[in-house]
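Observations on the three-dimensional arrangement
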Amino acid sequence: MQPNSEKCLTTGISNRETLRARAQILLEFDAIRERIADRVTFFPARRLAASLQPSYDDYEVALLQQETAEGRAVLDEAGEVDMFCPEDVEESVARASIGGIITGRELLSIAQTIDVLSRARSGVLAVRHHAPMLADIAESIPDLSELTRQIRSRIGERGDVRDDATHTLRALRSQIRQAYHRVTESLNSLIQTAQGDNVLQDNVISIRNDRLVVQVKAEMRSRVPGIVHDASNTGATLFVEPFSTVEIGNTWRELALAEEREIRKVLRDLSTLVGELAPDIQRGSELTARLDLIMTRARYSYAIRGVMPLSPSDIEPADLEQPETLEEGDESLPNMTVRLINARHPLLGRDAVPVNVSVGPRWSVLVVTGPNTGGKTVAMKTVGLLALMHQAGLQIPSGDGSVLPVFDGVYADVGDQQSIEQSVSTFSSHMRSVIDILGAATSQSLVLLDELGTSTDAEEGSALARAILEDLAEKRVSTIVTTHHRSVAAYAETSHRMMNASVQLDADSLTPTYYLTLGIPGRSYAMAIAASLGLPEHILDSAQNAIEPQYLRFEDWLSELQRERNQLQTMLLEAEQSRAKSDGLRQQLDEQIDYLITHREDLLDGMRRGILAQYDEAQRRLKAAEAALSWSAPAGIPTKATRDDIRRVRQELLADRAAALPPAHVREVQRELEIGDKVYVRGLNLGGVLVSLPEDGSDAEVGIGNVRIQVQPSRLSLVESQPEPPKTEVSISIGPMLDSKELDIRGMRADESLAELELFLDKAVRDGFNSVRVIHGRGKGILRNAVREHLTRHPLARAFEAEARERGGDGATLVHLA
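Throughout, a residue's number is its position along its own chain's written sequence, starting from 1. The predicted nature of this model means local features are confined to residues of pLDDT at least 70 and side-chain atom pairs, given and counted, to a pLDDT of 80 or more, with totals for whole chains, interfaces and linings taken over all residues. With hydrogens and water excluded, all non-hydrogen atoms of the structure serve as input to the side-chain values.

**Examining the overall build of the chain**
- Secondary structure is summarised from DSSP: a helix means a run of H or I of at least four residues, a strand means a run of E of at least two, and numbering begins at the N terminus for each. Within the chain one finds 22 helices and 21 strands.
- Three exposure classes are used, based on accessible area relative to the maximum for each residue type with a 1.4 Å probe and protein chains only: buried under 20%, partly exposed in between, and exposed over 50%. Burial status across the chain gives 42% buried among its 818 residues.
- Here, two residues are considered to be in contact whenever any of their heavy atoms come within 4.5 Å of each other. Of all intrachain contacts in the chain linking residues separated by at least 6 positions in sequence, the fraction that spans at least 24 positions is 68%.
- Here the Shrake-Rupley method, with its probe set to 1.4 Å, supplies the accessible areas, and only the displayed protein chains count as covering residues. Roughly 44,900 Å² of accessible area belongs to the chain as shown, and the carbon and sulfur atoms make up 51% of that amount.

**So, the sheet that holds strand 3 (residues 226-231)**
- With respect to topology, four strands assemble into an open sheet ordered 1-2-4-3, the strand pairing being antiparallel. With one partner strand each, in any of the chains shown, strand 1 (200-208) and strand 3 form the two edges of the open sheet. With strand direction ignored, the average angle separating the axes of adjacent strands in the sheet is 35°.
- Convention adopted: a line fitted to C-alpha atoms gives each axis, helices being fitted over their contacting stretch, and angles between N-to-C directions are expressed from 0 to 180 degrees. Lying over the sheet, helix 10 (residues 243-276) contacts strand 2 (211-217), strand 3 and strand 4 (237-242), oriented at roughly 75° with respect to strand 4. At least two bridges found by DSSP between two strands is the condition for calling them paired.

**A few points about the environment of Ile315**
- Secondary-structure assignment places Ile315 in the loop between helix 11 (278-303) and strand 5 (338-343).
- Judged by its relative accessible area of 11%, Ile315 falls in the buried class.
- Taking the C-alpha atoms as reference, Ile315 lies 8.4 Å from Val403; in sequence the two are 88 residues apart.

**Focus on unusual backbone geometry**
- Backbone torsion omega between Gly360 and Pro361 reads -5°, so that peptide bond is classified as cis.
- For Pro361, the location among the structural elements is in the loop between strand 6 (355-359) and strand 7 (365-369).
- In this model, Glu28 sits at a positive phi of 65°, which is unusual for a non-glycine residue.
- One can find Glu28 in the loop between helix 1 (3-26) and helix 2 (29-39).
- The backbone phi angle of Arg476 is positive, close to 60°, even though this residue is not glycine.
- Following the sequence through the fold, Arg476 ends up in the loop between helix 14 (458-474) and strand 10 (478-482).

**Remarks on the side chain of Arg211**
- Structurally, Arg211 can be placed in strand 2.
- Relative accessible area serves as the criterion here: at 12%, Arg211 is assigned to the buried category.
- In the analysis that follows, any N or O atom pair within 3.5 Å is treated as a polar contact, provided that within protein one partner can donate a hydrogen and the other can accept it, and provided that, for residues neighboring in sequence, both atoms belong to side chains. Among the polar contacts made by the side chain of Arg211, one reaches the side chain of Glu241 at a distance of 2.8 Å.
- Apart from residues lying up to four places away in sequence, Arg211 is in contact with Ser206, His229, Glu241, Val246, Gly249, Asn250, Trp252 and Arg253.

**Quick look at the nonpolar core**
- The criterion is simple. A nonpolar core is a set of buried Ala, Val, Leu, Ile, Met, Phe, Trp, Tyr and Cys residues joined through side-chain atoms within 4.5 Å. Ranked by internal contacts, the top residues of the largest apolar core, which has 93 residues, are Ile110, Ile151, Val274, Leu291, Met389 and Ile480.
- Non-local contacts of Ile110, meaning those with residues more than four positions away in its chain, are made with Val89, Ser92, Val93, Ile102, Ile151, Val274 and Ile281.
- Grouped together as the second largest cluster of nonpolar side chains are 22 residues, Ile437, Ala440, Ala441 and Val447 included.

**A look at the packing of aromatic side chains**
- When two rings of Phe, Tyr or Trp (its six-membered ring) have centres within 6.5 Å they constitute a pair, described as stacked for plane angles under 30 degrees, edge-to-face for angles over 60, and tilted for the intermediate range. For the coordinates displayed, the defined rule picks out one aromatic pair.
- Both rings, one in Tyr180 and one in Trp252, keep their centres 5.8 Å apart while their planes meet at 50°; by these two values the pair is tilted. Here the residue Tyr180 occupies a position in helix 9 (residues 167-194), and Trp252 occupies one in helix 10, the gap between them amounting to 72 residues.
- Geometrically, a charge over a ring is one whose NZ (Lys) or CZ (Arg) sits within 6 Å of the ring centre while staying within 35 degrees of the ring normal. For Arg253, the ring lying beneath its charged end belongs to Trp252, and the centroid distance is 5.8 Å.
- Above the face of the Phe769 ring, Lys741 is positioned so that its terminal group lies 5.8 Å from the ring centre.

**What about the pairing of strand 21 (residues 812-817)?**
- In terms of residue burial, strand 21 counts as a mostly covered element, since five of its six residues are buried.
- Both strand 20 (residues 797-802) and strand 21 contribute to a ladder of five bridges, which runs antiparallel. By the bridge assignment for strand 21, Ala802 is matched with Thr813.

**Some points on the sheet that holds strand 18 (residues 742-744)**
- Pairing is mixed across the open sheet formed by four strands, whose spatial order is 18-19-21-20. Each end of this open sheet is capped by a strand with a single partner; those strands are strand 18 and strand 20. Taking each pair of neighbouring strands and ignoring which way they run, the sheet shows an average axis angle of 20°.
- On top of the sheet, helix 22 (residues 782-792) reaches strand 19 (771-775), strand 20 and strand 21; it is set at about 150° to strand 20, its chief contact.

**Quick notes on the packing of helix 2 against helix 11**
- Contact geometry of helix 2 with helix 11 gives a least axis separation of 9 Å together with a crossing angle of 115°. By the angle between their axes, helix 2 is roughly perpendicular relative to helix 11. Crossing hand, helix 2 versus helix 11: right-handed. Residues Ile32, Arg35, Ile36 and Arg39 of helix 2 pack against Leu293, Thr296, Arg299, Tyr300 and Ala303 of helix 11.
- Residue polarity is assigned by list, with Asp, Glu, Lys and Arg as charged and Ala, Val, Leu, Ile, Met, Phe, Trp, Tyr, Cys and Pro as nonpolar; anything else, Gly included, falls into the polar class. Across the contact of helix 2 with helix 11, the residue classes break down as five nonpolar, one polar and three charged. Angle categories are assigned with fixed cut-offs, so that under 35 degrees is roughly parallel, over 145 is roughly antiparallel, 65 to 115 is roughly perpendicular, and the rest are oblique. Note on convention: the crossing is left-handed when the near helix lies turned anticlockwise from the far helix by less than a right angle, right-handed when the turn is clockwise.

**A closer look at the packing of helix 6 (residues 104-125) against helix 10**
- For the pair helix 6 and helix 10, interaxial distance at closest approach is 11 Å and the crossing angle is 35°. Every pair of crossing elements has a handedness; the one defined by helix 6 and helix 10 is left-handed. Here Gly104, Leu107 and Ile110 of helix 6 come into contact with helix 10, specifically with Leu267, Leu270 and Val274.
- Partitioned by chemical class, the residues of the contact of helix 6 with helix 10 number five nonpolar, one polar and no charged.

Here it is as structure tokens:
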């Protein structure tokens, strides 16, 4: 390659990068970047977020999007992964790596950072099956838990070296405390001695030059022999170390210096260990920062209700309108179709009005017209910003089914770029920007041009706009342009490579709707707005007369088209609401059927258990009643009629129990189904009654107990109905219900009391009591002994005992019934 060619290539790349960077500013991608940076929790991740850039490589964008999708999967499965770390330890680690000694607080910060690395690693690996790419990153984070253990075993929570960091340090600190105590004890003794002589300025011990001293009045210096270490600002106070404490003070200082050397040794050892592991710490921090940025992208995507857009290559050809004819050379061009459904500008929050935007594949240039403040520029910037977000690995705030390709560049000319300092007019500034964009754009670029052809003569500006758009359309560059030139919209209508779109005002209030309509050029609403603002009527009439008739007919056609479109939208909305309601009901029915199919055995088991429990309870009561009858009948023998009644009741219970068990088979009958037939639902293995059978072949309604379900008629089989045997009403009368659970037999003779007890126990069992109370009094115990002896052989008495002391004690007997 020749030097001039290399220079041109370098210049071209540099120019493209400049245009890309300018588009990011114009489309406010820096605001998105700031929101991401504000949401990161791991300090090193802030640098990554601050330098977040869109990628222009297909493979890299796919990886970024997959990472964000897996980040959302982690949030769904495990919630937040705690990576909070507000401190940056990079400088401390770097200093340790070149032999520097770092402080205890810095070591503690490094340990806290390593804890975050461990949490990030374990938190992501816990859901590795849902996030394999993130798990690969997490697995590469080094395990530095031993370094953390070494630091925390020697450094305290406030960053000081622990006493037990070394045996020597523990011994030194013990000796220091003893030496300090001896020095202070000697000085306190001197202070107490000198108090009456008015020698000291203050009765406290001070430290000067790392020596313990007392405060002596300057005029009393001779009264306290010693070493003067300092003086007050006024000279009135001298800080004197008495000769009597110098030796023990020396011992204290020597031990303190030895302690400092031992502390420095501990810090040096730990710093050396950090320095040796510096590459691992750095790599772990980088990987954790990457994970935190991914999780932040996922959290932000949740916040904006984002989705991962599809790639045009992921869409079936039938899902996108294909060109009826391809021109020569078009076959080799990539599919750069844009289809945004209910796209929202992420910086507008709840005020954002969703827009639907499509570019391609039939056309590559979208021309948007309409009134000022109607939302043309916002719609265009929404497309550009969402494209940048997508290529930076962020999900976009739009509906499912949205499609975005990966552009090799997003270029924009938006807003007033007039420069007074450089003597550049608005038109010149725009034109220079457009020229740069035309030189950089390819068939894989996205170009956004706002108000193309304005700020100059309308005729010439319109001609330039048409020529520029024609050039972009020839190159198949995906382009969205806003304009007020009606001739540009008319030109787009005649070109098969372009499509018109418009924003409208509300017909009554003349307020913006912010909705984008494809296929229809927009109206300016200039006359209507001028009239609403109070422009005199004669001026409006004059302006109206000056408009060409052809233009007026075009405006009338657009107005009529807009009215018809609004009616159609209303009808479509009602149809969609009805369809949504129908789909919701069908989904509910499907869920009910799925639930019944899934839990069929559980439901049947529950029903069987309930019936069997009722059977067992009835059997228990029947036995008790039979026993009661046997005791109440003459000579303990029940009558034949009573025995027959009990036998019939038992047979009916056995029949009911058998009905609760699953049938061995279902006998199907071959004939047409009719309302009221007993049917068998295949798949549910349940029987029911046919409630309705529509003639149109739609789902039939079957009643299963109190539940009605919708099932396909093909899943129903007619089953043979077995005649139900007539049930015999059985009534066993044993007298009136008991009024009380107590029987008072005090004052009765023994034989009389036992007869009363028999009758009482029979009625108690019949009425379902579990226990009763017999009051017989204490006395001589004759009546009590007769009652308890009788109960020991009575079949209805399961057990008995004396009543509680507070309820009569031995004067009453509590009987537990069988």
